[in-house]
Amino acid sequence: MSKWIDNILPSIMKTETTAKSRSVPEGIWNKCPKCEAVLYNENLRDNQEVCPKCDHHLRISARRRLELFLDADVQSEIGADIEPTDILKFKDLKKYKDRLAAAAKSTGEKDALVVKEGRVNGRAVVVAAFEFGFIGGSMGSVVGEKFTMAVNRCLEKRLPFVCFATSGGARMQEALVSLMQMAKTAAALERMKQQRLPYFSVLVDPVYGGVSASLAMLGDINIAEPRAYICFAGQDVIRQTVREKLPEGFQRAEFLLEHGAIDMIVHRHDMKARISSLIGKLLPDQLQSIPVLTPREGQVMPRRSGFSRGK
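Structural notes, computed from the coordinates. This structure is a prediction, so every number in the text was calculated from the model and none was measured.

Cut-offs applied
Residues numbered from 1 in each chain as written. Predicted model: local features only at pLDDT ≥ 70, side-chain atom pairs only at ≥ 80, totals over all residues. Heavy atoms only, no water. Salt bridge = Lys/Arg side-chain N within 4 Å of Asp/Glu carboxyl O. Helix = DSSP H or I, 4+ residues; strand = E, 2+ residues; numbered from the N terminus. Buried < 20%, exposed > 50% of the residue type's maximum accessible area, 1.4 Å probe, protein only. Patch = residues over 30% accessible without salt bridge, like charges linked within 9 Å, V, L, I, M, F, W, Y side chains within 5 Å. Areas by Shrake-Rupley, 256 points an atom, 1.4 Å probe, with all protein chains shown as cover. Lys, Arg positive; Asp, Glu negative; His and termini not counted. Charge placed at Lys NZ, Arg CZ, Asp CG, Glu CD.

**Quick look at the pattern of salt bridges**
So, point 1. Taken as a whole and judged by the stated rule, the model has 17 salt bridges.
So, point 2. Notably, a salt bridge pairs Arg-63 with Glu-77, separated by 3.0 Å at the nearest N-O pair. Taken together, the residues span a long stretch of sequence, with Arg-63 in helix H4 (residues 62-69) and Glu-77 in strand S3 (residues 76-78) at a distance of 14 residues.
So, point 3. Residue Glu-77 is classed as partly exposed on the basis of its relative accessible area of 32%.
So, point 4. Glu-117 serves as the salt-bridge partner of Lys-157, at 3.1 Å between the closest nitrogen and oxygen. Of this pair, Lys-157 sits in helix H6 (residues 141-157) while Glu-117 sits in strand S4 (residues 113-120), and the two are 40 residues apart along the sequence.
So, point 5. Relative accessible area serves as the criterion here: at 41%, Lys-157 is assigned to the partly exposed category.
So, point 6. The exposure class assigned to Glu-117 is buried, which follows from its relative accessible area of 13%.
So, point 7. Three or more residues joined by partner-sharing salt bridges are found here, namely Arg-45, Glu-49, Arg-64 and Glu-67.

As structure tokens, then:
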């Protein structure tokens, strides 16, 4: 059929059609992975990458996340010069160093975590965001180090900490070095707890493995975006293990909220205002000037009502 149409179609019409199709630049349209609506990229960006048809929250980069969350006036990046190294000379289907180079080229990042100090609605804060495009947002030595640097900045300046976590888990190419970051980040957050500084963990689709088992679920307040996948092991692994049909919506943010694993679900449009409000409640200005002593042996630190770690 198409060959018959090509034969009778005037050559001038072919030329005009070809020229018009080539004049349309690429990257103008996007497709919602949930409702499959075709969306104009500029309108989607104006809507913070939330589908206007079905309200699905599309995945966004770490820098785009920080751009939406932080005030635009004053920002400084923490640990921007730290790069990963292939200390184990690891190789699976590809060499680890080649995977790092490919991830850096595709994302423009040196590793899977971006950390900035800035302000949210005028309130000073340190914010970290995972870059899922960098080897699945996996946590290796650089991620653990930059996360710890962020905590140290909070302790130095008595600032709250916000982390947007999206990750496939610990980075297997770094073996036990990556697993050690679970303990390293948890220990850093414990120091924040002792100094009564709030940590807000925001879980965005998806959060798996070692990240979900450490820093992602240790927030004084754990927040999730709508319908985000949050779990340690995937559904197929669990289904094969327990040999049972899993509940509807299992591992979605709404399921976790219903069962008490997270504290709230917040729409992307409301995230900045909600966290800014929580910071004002948990760390008002008058409390920032109160010195907090380092606990000595046998001394019990008073707990401030309103939040605590360890649900």
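From this point, things continue past the structure.
**Notes on a positive patch on the surface**
So, point 1. A contiguous patch of positive charge on the surface is contributed by Lys-89, Lys-91, Lys-95 and Lys-97.
So, point 2. Positionally, Lys-89 belongs in the loop between S3 and helix H5 (96-107).
So, point 3. Lys-89 sits in the exposed class, given a relative accessible area of 66%.

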